[in-house]
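# Examination of the molecular architecture
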Number of protein chains: 2
Amino acid sequence: VELDAAGLDALLARWPVARLATVTPRGRPHQVPIVFAAQGGRLYSPVDGKRKAGGEPARLRNVAATGRASVLLDHYDDDWSALWWVRLDGIAWVERADVALLDRVAERLLAKYHQYQSLPVYAGEPALLVLRWERVTAWSQSGGPEPILRAAGRP
Amino acid sequence: VELDAAGLDALLARWPVARLATVTPRGRPHQVPIVFAAQGGRLYSPVDGKRKAGGEPARLRNVAATGRASVLLDHYDDDWSALWWVRLDGIAWVERADVALLDRVAERLLAKYHQYQSLPVYAGEPALLVLRWERVTAWSQSGGPEPILRAAGRP
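Residues numbered from 1 in each chain as written. Chains lettered and ligands numbered in written order. Predicted model: local features only at pLDDT ≥ 70, side-chain atom pairs only at ≥ 80, totals over all residues. Heavy atoms only, no water.

## Side note on the pairing of strand β1 (residues 18–23) of chain B
All names here are of chain B. A large share of β1 lies buried, amounting to six of its six residues. By the alternation rule, side chains of β1 split into Ala18, Leu20 and Thr22 and Arg19, Ala21 and Val23, which are all buried. Both β1 and strand β2 (residues 29–34) contribute to a ladder of six bridges, which runs antiparallel. Looking at the pairing, Val23 lines up with Pro29 of β2. Adjacent in sequence and paired antiparallel, β1 and β2 are bridged by five residues, among which Gly27 carries a positive phi angle near 90°. In this sheet, strand β5 (residues 68–75) lies alongside β1 in antiparallel orientation, the contact comprising three bridges. (Buried < 20%, exposed > 50% of the residue type's maximum accessible area, 1.4 Å probe, protein only. Helix = DSSP H or I, 4+ residues; strand = E, 2+ residues; numbered from the N terminus. Pairing = 2+ DSSP bridges.)

If you want it as structure tokens, here you go:
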């Protein structure tokens, strides 16, 4: 399926959830659901910086070790003709130092998720997982971009 | 979150979609949505055996090369207090030869998904991706298993 850049941008602005896959330093797959904002070919996901019993969250360790991530947006439907997914694969890293970027992304997250009106975007030490995607793969059961564009609010 | 074996079995029997993460031979993350059936500590996902332009599906190549997979079930909700996810990590392989197993899993998939009443479970050469999970990780925003058990139909 061909998904144009405007369609992808609209989907990323509207679709609330994705799954982040990374690879551990031992080479094993790891995944977790994420919320995110996107701008200028980069996807940003805030990381809860509260120290866990096990130290830093696995996705941060994984990205620091491998420099890669994959983000999957998809729709499941009882009507299988409506199924679609979009996957972004590319370079990933953790951003903690660029305060202007952290602030800008926090604003975008606040605009996208009303839930952040009563929650801090960054709990503990602010951190963003950043994906600069190199490849976009889109699939739909119907073979066309229409169900993805509808999900993106572009009829 | 502690999720008992009966709760996990009930969730796997009822929840229709998951995301499969694998690692490519080059060490990069890969993921795709899947349907599945589970029994006896193993999760089975049918693979469309139709030959693609690029040859075998990436998840089969990845599992053959690395022997590992991760499967994530999760629920997104506008009410973030209802969020939960369950992840199964373990050993994975591709099963093509065990016809009795392929048939048994096809029956379970037919019982779980009415959509297979009008679709073949195995298109082309029958194949199953099998995950024997070694680790179950469960998380809920509320900190308890209740939202997961509700999704599993166990009030």
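## A look at the sheet that holds strand β3 (residues 37–39) of chain A
Residues and elements named next belong to chain A. Taken in spatial order, the seven strands line up as β2-β1-β5-β6-β7-β4-β3 in an open sheet, and their pairing is antiparallel. Strands with a single pairing partner mark the edges of an open sheet, and in this sheet they are β2 (29–34) and β3. Going from strand to strand, the sheet's axes swing by 30° on average, the running direction of each strand aside. Sheet topology note: the strand β5 (residues 68–75)/strand β6 (residues 84–95) ladder contains eight bridges and is antiparallel. Paired with Val71 across the two strands is Leu88, which belongs to β6. Taken strand by strand, helix α1 (residues 5–14) contacts β3, β4 (42–46), β5, β6 and β7 (128–140), and its axis lies near 75° from that of β6. Where helix α3 (residues 99–112) meets the sheet, it contacts β3, β4, β6 and β7, and its direction lies at approximately 120° from that of β3. (Axes fitted to C-alpha atoms, helices over the stretch in contact; angles between N-to-C directions. Contact = heavy atoms within 4.5 Å.)

## Quick look at the interface of chain A and chain B
Between chain A and chain B, the contact holds 32 residues from the first and 32 residues from the second. Summed over both sides, the interface of chain A with chain B buries roughly 2,900 Å², with 63% coming from carbon and sulfur. Area buried by chain A at its contact with chain B is led by Pro29, Gln31 and Trp80 of chain A, which between them contribute 26% of it. Where chain A touches chain B, the interface holds two salt bridges. Two residues, Arg19 of chain B and Asp74 of chain A, come together in a salt bridge whose shortest N-O distance is 2.7 Å. For the interface between chain A and chain B, the tally reads 14 residue pairs in polar contact (both at pLDDT 80 or more). Contributing elements (two or more residues each) for the side of chain A that touches chain B: β1 (18–23), β2, β5 and β6 of chain A. Here the side of chain A that touches chain B takes six residues from β5 of chain A, the largest share from any one element. (Buried area = accessible area lost by both parts, 1.4 Å probe. Salt bridge = Lys/Arg side-chain N within 4 Å of Asp/Glu carboxyl O. Polar contact = N/O pair within 3.5 Å; in protein donor to acceptor, adjacent residues only side chain to side chain.)

Limitation: the analysis is restricted to geometry and does not speak to function.
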